[in-house]
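# Overview (structure and organization)
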Amino acid sequence: MSGDERVYRNVGEIRTFALRQARMSPAQRRDYQRLASRFCIAFQQASCDVRAAFGDPGLPLIAEIGFGMGETTALIAARRPECNFVGIEVYKPGIGKLLGLLESAGLTNVRIIAHDAVAVLQTMIAEQELDGVHIFFPDPWPKKRHHKRRLIQPGFVELLRRRLRRGAYVYLVTDWRDYAAQMLDVFQAVDGFRNPYGGFCDRRPWRPETSFERKGRDRAHAIHELWLERI
Ligand SMILES: C[S@@+](CC[C@H](N)C(=O)[O-])C[C@H]1O[C@@H](n2cnc3c(N)ncnc32)[C@H](O)[C@@H]1O
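Residues numbered from 1 in each chain as written. Predicted model: local features only at pLDDT ≥ 70, side-chain atom pairs only at ≥ 80, totals over all residues.

Now for the sheet that holds strand 6 (residues 193-194). Judged by pairing direction, the sheet is mixed, and its seven strands sit side by side in the order 3-2-1-4-5-7-6 without closing on themselves. Each edge of the sheet is formed by a strand with only one pairing partner; in this case those strands are strand 3 (110-113) and strand 6. Taken together, the two bridges between strand 6 and strand 7 (residues 224-230) define a ladder with antiparallel strand orientation. Within strand 7, the position partnered with Phe 193 by the bridge is Arg 230. Along the sheet, helix 3 (residues 71-79) contacts strand 1 (61-65), strand 2 (84-88), strand 3 and strand 4 (130-136); its crossing angle with strand 2, the most-contacted strand, is approximately 175 degrees. (Pairing = 2+ DSSP bridges. Helix = DSSP H or I, 4+ residues; strand = E, 2+ residues; numbered from the N terminus. Contact = placed C-beta atoms within 7 Å. Axes fitted to C-alpha atoms, helices over the stretch in contact; angles between N-to-C directions.)

Bringing the pairing of strand 2 into the picture now. Among the five residues of strand 2, five are classified as buried, and the element is accordingly described as predominantly covered. Of the two faces of strand 2, the one lined by Asn 84, Val 86 and Ile 88 and the one lined by Phe 85 and Gly 87 are each fully buried. Taken together, strand 1, helix 3 and strand 2 constitute a β-α-β crossover, and its handedness is right-handed. In terms of strand pairing, strand 2 meets strand 3 through four bridges, oriented parallel. When the bridges of strand 3 are listed, Phe 85 appears paired with Val 110. (Buried ≥ 20, exposed ≤ 12 C-beta atoms within 10 Å, placed from the backbone. Right-handed = clockwise from strand over helix to strand, strands pointing away.)

As a further point, take the site of the ligand. In the region of the ligand, 22 residues are neighbours, and Phe 17, Gly 66, Gly 68, Ala 117 and Thr 210 sit closest. Mapped onto the shell around the ligand, the elements with two or more residues apiece are helix 5 (117-123) and helix 8 (211-218). Along the lines of polarity and charge, the residues of the shell around the ligand split into 13 nonpolar, six polar and three charged. (Near = placed C-beta within 6 Å. Nonpolar A, V, L, I, M, F, W, Y, C, P; charged D, E, K, R; others polar.)

Before going further, it helps to examine helix 3. In an α-helix, one full turn covers 3.6 residues, which means residues spaced three or four apart are oriented alike. Within the span of helix 3, buried status applies to Thr 72, Thr 73, Ala 74, Ile 76 and Ala 77. Check the buried side of helix 3 and you find it contacts strand 1, strand 2, helix 4 (92-105), strand 3 and strand 4.

This brings us to unusual backbone geometry. A positive phi angle is found at Phe 137, which is not glycine, with a value near 55 degrees. Judged by the 21 C-beta atoms lying within 10 Å of it, Phe 137 falls in the buried class.

Right, let's get into the environment of Gln 21. Within the secondary structure, Gln 21 sits in the loop between helix 1 (3-11) and helix 2 (26-39). Assessed through the 6 C-beta atoms surrounding it within 10 Å, Gln 21 is described here as exposed. Separated by 151 residues in the primary sequence, Gln 21 and Leu 172 have C-alpha atoms spaced 26 Å apart.

See below:
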């Protein structure tokens, strides 16, 4: 095992998500059963040609990690038909929900991998395969003893760097001030990214508000947006 592979393996040792009560609604279950074969790519422990799963494999490929209920994913995919999107999520009700949204909106540029995104990036996605990564409102793990479960850590960002082609972007949004500061610090410390804004930036016009964002605003949390480019 190379040094790099060891780093990635360590990254996946601590789960970044909580095993929430994950009961699907009857509609979500129906959509899951009907539509998973059309839109889901099965997790596998080996490199996979993710692009081949799309109608137009030549389009830029953007990964969204932790899409929650998927409303944002579907809206962005509709607003940006010039890209393919692969959503990676472990939360079954959200996967069922997004499947239904994809069908009702007639979207053909989204696929889903229902698995831990860390493992997906470690094993399925090839080097320099991605043109962008969206991580909107990652689980904040606010207690200090849980900070090690936060997704944005040096080892994970190093893994991201290897999966992104040069010129690709990472778009992060959080409503947790100290997590936002941690994100800035981590990306400053890791080689291979530049921050064209020098700090936080404005919301991209194509990014709609998410339900977690509304909850954050209700708690008077400021929204922090971060845009990095792979160099
Ligand atoms: C706080 S929610 C935000 C959801 C959505 N992005 C939004 O803004 O509404 C974080 C989501 O990330 C997912 N998640 C956390 N770690 C993950 C991982 N390693 N792989 C896949 N999904 C993950 C959780 O299941 C959860 O749905």
